[in-house]
Amino acid sequence: MGDRPGTTEPHLSVLSAPGLAAWSLHDRDTGACLAFHVMADDEGFDDPRIPKDPRSVSFITLPEWSTLVPGSTLAPGSEAAHLALVHGGLPEGALRDEPVPQLSATCVHVHDDRAEHQLLIRFPSARPLALQALLVRMALARCVEGPALVLHRGQDRLDVALAKNGNLLVSNTFPARTATDVLYFSLLALQGHGLHADQVEMHLGGIALAKAEQNLLDKYFARPHPALPSPHGPELRGPVKEPQRWMALLEQYACVS
């Protein structure tokens, strides 16, 4: 995977997860992906290929604990209570909220602060984004011609967003350790709304997506798609390989542009 300098005022996106970090640059005028790099364990944000002063910076840190709260029920100071109601115990970390205008709702989220510490030292104004909100936006954008199911395969979890006719039907996280778990919870998300696998377009991606899981889902869903089309990446040494794996990174620009 190659890299090249971006424009004079690019957007920098960062994805951080246990044992993994990556960044990408997008042209703020065209949205084109200019650079993409998976960081080695000993690399930091002093990489000379990263612009010293990008116009804007965003990041997603995994794992994430989040929930969607209707605007009418989110009283100031109640964020932690809403999260605890859904997840029980929460990690120590900054409690954040992100508006989701399409739903007149707010995504409340928290994660382990240690993963983002190095990034915020380099870029103090970096904007945190919620994976759940990103998946919701993707599902709503893809349900114009029929129900759309967006799946993000993470480490031991599956994040799901299902939308139909411009309405969000499901936004949830499930524990998933095997390919069978991934299939089961994907189908479960549909059943509560009377939908079947041959009625929806499935958009699949995620950093922990395994080939066996993709093959199993392809057998059940009549219209499977990668979450991001290829090529989606920069004109470097070639497009980003399997860009759907990096949807939580490459789609950040669409959330902040």
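Residues numbered from 1 in each chain as written. Predicted model: local features only at pLDDT ≥ 70, side-chain atom pairs only at ≥ 80, totals over all residues. Heavy atoms only, no water.

Visitor: Please explain helix α4 (residues 179–191) as it appears in this structure.
Guide: Helical geometry note: an α-helix holds 3.6 residues per turn, so side chains three or four residues apart project in the same direction. Compared with the 18 Å implied by 1.5 Å per residue over 13 residues, the 19 Å span of α4 between its first and last C-alpha is a close match. Structurally, α4 contributes buried residues whose contacts are with β9 (148–154), β10 (157–164), β11 (167–175) and α5 (211–220). (Helix = DSSP H or I, 4+ residues; strand = E, 2+ residues; numbered from the N terminus. Expected span 1.5 Å × (residues − 1). Contact = heavy atoms within 4.5 Å.)

Visitor: How do you make sense of the nonpolar core when you look at a structure like this?
Guide: Here is a general trend for soluble globular proteins: nonpolar side chains tend to be buried in one another's company. With 34 residues, the main nonpolar core has L15, I60, L62, L135, M138, W246 and M247 as its most contacted residues. Elements supplying a minimum of two residues to this core: β1 (11–17), β3 (33–38), α3 (131–142), β9, β10 and α6 (247–250). Counting residues per element, this core draws most heavily on α3, at 8 residues. Sequence-distant contacts of L15, that is, excluding residues within four places in its chain, are made with L20, A21, A22, I60, L62, I207, W246, A248, L249 and Q252. Of all hydrophobic cores here, the second largest spans 21 residues; its members include L149, L162, L183 and F221. (Core = buried A, V, L, I, M, F, W, Y, C linked by side-chain atoms within 4.5 Å. Buried < 20%, exposed > 50% of the residue type's maximum accessible area, 1.4 Å probe, protein only.)

Visitor: I keep staring at the side chain of R157 and nothing clicks. Help me out?
Guide: Tracing the backbone shows R157 in strand β10. At a separation of 3.1 Å, a polar atom in the side chain of R157 contacts the side chain of D159. When neighbours within four sequence positions are excluded, R157 is seen to be in contact with P63, E64, H152, T173, F174, P175 and A176. (Polar contact = N/O pair within 3.5 Å; in protein donor to acceptor, adjacent residues only side chain to side chain.)

Visitor: Would you take a moment to explain the confidence of the model for the protein chain for this structure?
Guide: Keep in mind that low pLDDT regions are not for reading the predicted coordinates in detail. Per-residue pLDDT for the protein chain has a mean of 88; in total, 91% of the residues score no lower than 70. Taking the mean pLDDT of every element in the protein chain, the minimum, 83, falls on helix α1 (residues 79–87) and the maximum, 98, on β9. Contacts from residues 1–7, a stretch scored under 50 in pLDDT, to residues over four places away or in other chains number 21 contacts. Confidence over residues 233–238 falls short of pLDDT 50; this stretch has 17 contacts with residues more than four positions distant or in other chains. (pLDDT = per-residue confidence, 0-100.)

Visitor: Explanation requested: the sheet that holds strand β6 (residues 96–100) in the structure shown.
Guide: What holds strands together in a sheet is hydrogen bonding between their backbones, with the strands either parallel or antiparallel. Sheet architecture is open: 3 strands sit in the order β5-β7-β6, paired in antiparallel fashion. Where the open sheet ends on each side, the last strands, each with one partner, are β5 (65–70) and β6. Averaged over all pairs of adjacent strands, the angle between strand axes in this sheet comes to 25°, irrespective of strand direction. Pairing geometry for β6 and strand β7 (residues 105–110), over 5 bridges, is antiparallel. Its bridge partner lying in β7, V100 is registered against A105. The sheet strands contacting α1 are β5 and β7, and the helix crosses β5 at an angle near 115°. (Pairing = 2+ DSSP bridges. Axes fitted to C-alpha atoms, helices over the stretch in contact; angles between N-to-C directions.)

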